[in-house]
Amino acid sequence: MSWEENVRKVVPYTPGEQPKIKNIIKLNTNENPYPPAPAVAAALKEMDVDDFRKYPDPTCSRLVDAIADFYKVDKSKVFVGVGSDDVLAMAFLTFFNSDKPVLFPDITYSFYDVWAKLFGIPFEQLPLKDDFTIEPSDYYRENGGIVIANPNAPTGIEMDANALEEIIKRNSDVVVIVDEAYVDFGGKSVLPLIDKYDNLLVVQTFSKSRSMAGMRIGYAFGCEKLIKYLSDVKFSFNSYTMNKPSLELGALAIEDEEYFNETRDKIIATRERVKPLLKELGFEFADSKTNFIFAKHSEKSGKEIFTALRERGIIVRRWDAPRISEYLRISIGTDEEMDKLIAALKEILER
Ligand SMILES: *Cc1c(COP(=O)(O)O)cnc(C)c1O
């Protein structure tokens, strides 16, 4: 008998690569190409390091209040965590405690099945249709909970708001998590529905639309009771999830609405400009409401294009997974970065 027999063995999530080389065009993890709001840099310079001796505020009130103000919801309906990955993991642990399977699509954020396995939660991955859209009626059945990323990742496709509401409504006996990591880039949030459905948890993040992936800030909205249950689990796990800089800098970022709108609009404009250029080069993709485009070439293999781009210092994301191995997920960078991408693709595809 070895100690290894009693080890909890897991197959971890594989995050996108963070290459150490400079001068690379990094379009592989959907980071924002623009810096965080100006107040963030200014406050960081002024930060009093002596303050780090003390523990941070366990209630995270500075950040919770700023989020509550921005979204005009009561602070009792806001939860924050170390990126939405932390928020989602806590939510899985809190709300998915049934013998029935939790449901989510076969093609979606690839962390969901990792958490389910880690926590021993039964789950079923329901196949997306051939066009990568969700069939709502697949979710009208007994289950232990539902997770839907909307817009979905890595497809970029947004689900119809009424169809999503119908899923939430028909599953009032379980918690429905809607992961809105990309909703700011043109999607419609279900946040207003938290007052109508007490089983709805809406999760968002600072990592994409607020340019702060490196600070690790995520948040969620739900009815007061739902948030209370989530907090109880958080406080049974780690009282101090959020560090002092994250609380302050996150609050400052969310307070600058003008900068947020400006950078988001720039990314949307770049995405819309790039769509026809990719089409001209022979790429096929569903309409994206996110800061990435999930595209497949009509002739050349995904793997070949991926490798050829890499050789030219451009990194995109690709999965060796069923149904999507021909696809490349291309994050929207600056206009200049996207022009270089298009030029490289022209060369690779000899067009
Ligand atoms: C990026 C992403 C997350 C995680 O974001 P963090 O807040 O950086 O942890 C969650 N869900 C989806 C669908 C994402 O794409």
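Scroll up to find the structure.
Asker: So, the overall build of the protein: which residues are in play, and what are the values?
Answerer: Secondary structure assignment for the protein yields ten helices and twelve strands. Against the compact-globule benchmark of 20 Å for 351 residues, the protein has a radius of gyration of 21 Å, which places it among compact chains. Restricting to contacts in the protein with at least 6 residues of sequence separation, those with at least 24 account for 72%. For the protein, the accessible area works out to roughly 16,700 Å², and carbon and sulfur atoms hold 51% of it. Here the protein holds 46 positive side-chain charges and 57 negative ones, and the gap between their average locations is 2 Å.

Asker: Describe unusual backbone geometry, and please don't skip the residues or the numbers.
Answerer: If a residue is not glycine, its phi is most likely negative; likewise, a peptide bond is most likely trans. The omega torsion of the bond from Asn150 to Pro151 falls at -5°, within 30 degrees of zero and hence cis. Mapped onto the secondary structure, Pro151 falls in the loop between strand S5 (145–149) and helix H5 (161–170). In this structure, Asn30 is a non-glycine residue whose phi angle is positive, near 60°. Its place among the elements puts Asn30 in the loop between strand S1 (25–26) and helix H1 (38–46). One non-glycine residue, Ser211, adopts positive backbone phi at about 60°. By relative accessible area, which is 14% here, Ser211 ends up buried.

Asker: Report on the pattern of salt bridges, specifying residues and quantitative values.
Answerer: Under the counting rule described, the total for this entry stands at 28 salt bridges. The salt bridge partner of Glu272 is Lys275, with a shortest N-O separation of 2.8 Å. Of this pair, Glu272 and Lys275 both sit in helix H8 (residues 257–280), three residues apart, roughly one helical turn. Each of Arg271, Glu272, Lys275 and Asp287 takes part in salt bridges that share partners, so that together they form one network.

Asker: Give a description of the nonpolar core that names residues and reports values.
Answerer: In terms of nonpolar packing, the biggest core is built from 87 residues, with Ile67 and Phe221 touching the most fellow members. Once residues within four sequence positions are removed from consideration, Ile67 is found in contact with Val78, Val80, Phe206, Tyr219, Phe221 and Ile254. Tyr13, Ala89, Val147 and Leu230 belong to the second-largest nonpolar core, a separate cluster that totals 30 residues.

Asker: Quick one: what's the story with the site of the ligand, residue by residue and with numbers?
Answerer: Around the ligand, a shell composed of 13 residues is seen, among which Ser84, Tyr182, Thr205, Ser207 and Lys208 lie nearest. Asp179 is positioned such that a nitrogen or oxygen atom in its side chain is 2.6 Å from a nitrogen atom of the ligand. Within the side chain of Lys208, one N or O atom sits 3.0 Å away from an oxygen atom of the ligand. When the ligand sits alone it has 390 Å² of accessible area, and the protein chains cover 93% of it. With four residues, helix H3 (residues 83–95) is the single largest residue contributor to the shell around the ligand.

Asker: So what's going on with the packing of H8 against helix H10 (residues 335–349)? Which residues, and what values?
Answerer: Close contact between H8 and H10 brings their axes to 11 Å; oriented N to C, the two are set at 10°. Judged by the inter-axis angle, H8 sits roughly parallel to H10. Here Thr270, Arg273, Val274, Leu277 and Leu278 of H8 come into contact with H10, specifically with Asp335, Met338, Asp339, Ile342 and Leu345. Grouping the constituent residues of the contact of H8 with H10 by class yields six nonpolar, one polar and three charged.

Conventions and cut-offs
- Residues numbered from 1 in each chain as written.
- Predicted model: local features only at pLDDT ≥ 70, side-chain atom pairs only at ≥ 80, totals over all residues.
- Heavy atoms only, no water.
- Helix = DSSP H or I, 4+ residues; strand = E, 2+ residues; numbered from the N terminus.
- Rg over C-alpha atoms; globule rule 2.2 N^0.38 Å.
- Contact = heavy atoms within 4.5 Å.
- Areas by Shrake-Rupley, 256 points an atom, 1.4 Å probe, with all protein chains shown as cover.
- Lys, Arg positive; Asp, Glu negative; His and termini not counted.
- Charge placed at Lys NZ, Arg CZ, Asp CG, Glu CD.
- Buried < 20%, exposed > 50% of the residue type's maximum accessible area, 1.4 Å probe, protein only.
- Salt bridge = Lys/Arg side-chain N within 4 Å of Asp/Glu carboxyl O.
- Core = buried A, V, L, I, M, F, W, Y, C linked by side-chain atoms within 4.5 Å.
- Near = heavy atom within 4 Å.
- Polar contact = N/O pair within 3.5 Å; in protein donor to acceptor, adjacent residues only side chain to side chain.
- Axes fitted to C-alpha atoms, helices over the stretch in contact; angles between N-to-C directions.
- Parallel < 35°, antiparallel > 145°, perpendicular 65-115°, else oblique.
- Nonpolar A, V, L, I, M, F, W, Y, C, P; charged D, E, K, R; others polar.

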